[in-house]
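Residue strings, one per chain:
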Amino acid sequence: MTTQARNKAEREAYYARIDKKGMTPLWESLHALVPTQPTTDCRPALWKYAAIRGDIMDSGSLITAEEAVRRVLVLENPGLRGLSSITPTLYAGLQLILPGEIAPSHRHVQSALRFIVEGTGAYTSVDGERTIMHPGDFIITPSWTWHDHGNLAEADGGEPVVWLDGLDIPFIRTLGTGFAEPYPEAEQPLTRADGDSLARYGYNMLPVSYEHTSKTSPLINYPYDRTREALDHLQHHGEIDAWDGVKLRYVNPATGGYAMPTMATFMQYLPKDFRGKAQRSTDATVYCAVEGRGHAVIGDARYDFEPHDVFVVPSWQPVQLNADEETVLFSFSDRPIQQALGLLRTQRID
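Quick caveat: nothing in here was measured; it's all calculated off a predicted structure.

**Q** Outline the packing of aromatic side chains, supporting the account with residue identities and numerical values.
**A** Per the counting criterion, the structure on display carries 13 aromatic pairs. Aromatic side chains phenylalanine 305 and phenylalanine 311 sit 5.4 Å apart centroid to centroid with 15° between the ring planes, which places their arrangement in the stacked category. Ring geometry for phenylalanine 330 against phenylalanine 332: centres 6.3 Å apart, planes inclined by 40°, an arrangement best described as tilted. Residue classification places phenylalanine 330 among the buried residues on the basis of a relative accessible area of 0%. Among the aromatic side chains, those forming a connected cluster through ring pairs are Phe115, Phe138, Tyr222, Tyr250, Phe330 and Phe332. Above the face of the tyrosine 123 ring, arginine 130 is positioned so that its terminal group lies 5.6 Å from the ring centre. Positioned over the ring face of tyrosine 203 is arginine 226, at 4.8 Å from the centre of the ring.

Structure below.
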């Protein structure tokens, strides 16, 4: 036996012995554990809404919102199948509620965002306040707050409503801090008038007695019509960034920080024929097209999008955003977590 073969046999015997004692040698996996740049099982992916809309609607005849608690089709990243994850830290799904239905009230530690994709007439109630949903609205469900959803239209009229759910479920699962609780009734009692939080916190003013205690924005709903107005003004009177077009960050009006402690949310405008420069970031990002058509180049692959399509850009993958028409994109990521831990890294590529 050669010296090399003898050393290999001795090492394998040693590894087998310490394995039985719940140990493993770091030197065999160090390069994988501490790579020279981010590695991830998350892959670029695109969900064409036109191709899956029928499946979403079919779920309405298979199970009721009450029975399902939340009738959602989870968007599973092709590299993370079986984990109910669209990125390593984020969950995304498309939720359907039909006229006359109620998705029963509950609460959980996981923070949730709703981005309304299609339909009108539905609502969500959060911590005693109801807000009506409109396409393009960004709605927050803070951690550990009671919330239920409903469709105000009669069961034999109105239209189905679909929205994109975004939650920090995988992150909470990693920490092992998840709790949930059902409400005793299908709907929580309403203790504040519709639009109360917008009136109190959405006009660059705060109630005199307001004391900031939560890490989440006191606003429940960020209406699309106001967001779109801001984008429109800036695209006419501001500068068009070569990477992002016109991009705005949703903020907590009480702090100026992120609207949610674990998820950053953005809306951006790309002018017609915009060809964005490449950039990359360590925060894997989920996009939902609101208006317009274009394509994203992620790595070496092209993904054509149109309204309601969802696509994901993994950590540290170069992405270029391109618009064939005037385009608006909503997006969210785990950027607040990374910034809080001093881990966020971004790079703009000229």
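**Q** Explain the pattern of salt bridges to me, and be specific about the residues and the numbers.
**A** Evaluated as defined, the whole model comprises 20 salt bridges. The salt bridge partner of arginine 130 is aspartate 194, with a shortest N-O separation of 3.3 Å. With arginine 130 in strand 7 (residues 129-132) and aspartate 194 in the loop between strand 11 (180-182) and helix 6 (196-201), this pair connects stretches of sequence that are 64 residues apart. Under the relative-accessibility criterion, arginine 130 is labelled partly exposed at 23%. On the accessibility criterion, aspartate 194 (41% relative accessible area) is partly exposed. Aspartate 350 is paired through a salt bridge with lysine 277; the nearest N and O atoms lie 3.8 Å apart. With aspartate 350 in the segment after strand 22 (346-348) and lysine 277 in the loop between strand 14 (264-270) and strand 15 (279-281), this residue pair connects regions lying 73 residues apart in the sequence. Lysine 277 gets classed as partly exposed once you look at its relative accessible area, which sits at 35%.

**Q** Can you lay out the environment of leucine 341 for me, pointing to particular residues and giving the numbers?
**A** By the secondary structure assignment, leucine 341 is in the loop between helix 8 (335-340) and strand 22. Look at leucine 341 and you get exposed, because its relative accessible area is 59%. The spacing of leucine 341 and glutamate 306 is 35 residues in sequence and 35 Å in space, taken between C-alpha atoms.

**Q** An account of the sheet that holds strand 6 (residues 122-126) is needed here, citing residue identities and associated values.
**A** Sheet architecture is open: five strands sit in the order 7-6-9-4-11, paired in antiparallel fashion. Each edge of the sheet is formed by a strand with only one pairing partner; in this case those strands are strand 7 and strand 11. Across the sheet, the mean angle from the axis of one strand to that of its neighbour is 25°, orientation sign disregarded. Looking at chain direction, strand 6 and strand 7 are connected through four bridges and run antiparallel.

Basis of the calculations
Here, residues in each chain are numbered from 1, in the same order as that chain's written sequence. Only residues with pLDDT of at least 70 are given local features in this predicted model, and only at 80 or more are side-chain atom pairs given and counted; all residues enter the totals for whole chains, interfaces and linings. Side-chain numbers here rest on the full set of heavy atoms in the structure, without hydrogens or water. We call Phe, Tyr and Trp rings a pair once their centres come within 6.5 Å, taking the six-membered ring for Trp, and we label the pair stacked below 30 degrees between planes, edge-to-face above 60, and tilted otherwise. Relative accessibility under 20% of the residue-type maximum defines a buried residue, over 50% an exposed one, and the middle range a partly exposed one, all with a 1.4 Å probe and only protein chains included. Our definition puts a charge over a ring when NZ of Lys or CZ of Arg is within 6 Å of the ring centre and also within 35 degrees of the ring normal. We count a salt bridge whenever a side-chain nitrogen from Lys or Arg sits within 4 Å of a carboxyl oxygen from Asp or Glu. Only runs of H or I of at least four residues qualify as helices and only runs of E of at least two qualify as strands under DSSP, and these elements are numbered from the N terminus. The rule for pairing is simple: two strands pair if DSSP sees at least two bridges between them. The convention used is that axes are lines fitted to C-alpha atoms, helices contributing only their stretch in contact, and that angles between N-to-C directions extend from 0 to 180 degrees.

Keep in mind these numbers describe shape, not what the thing actually does.
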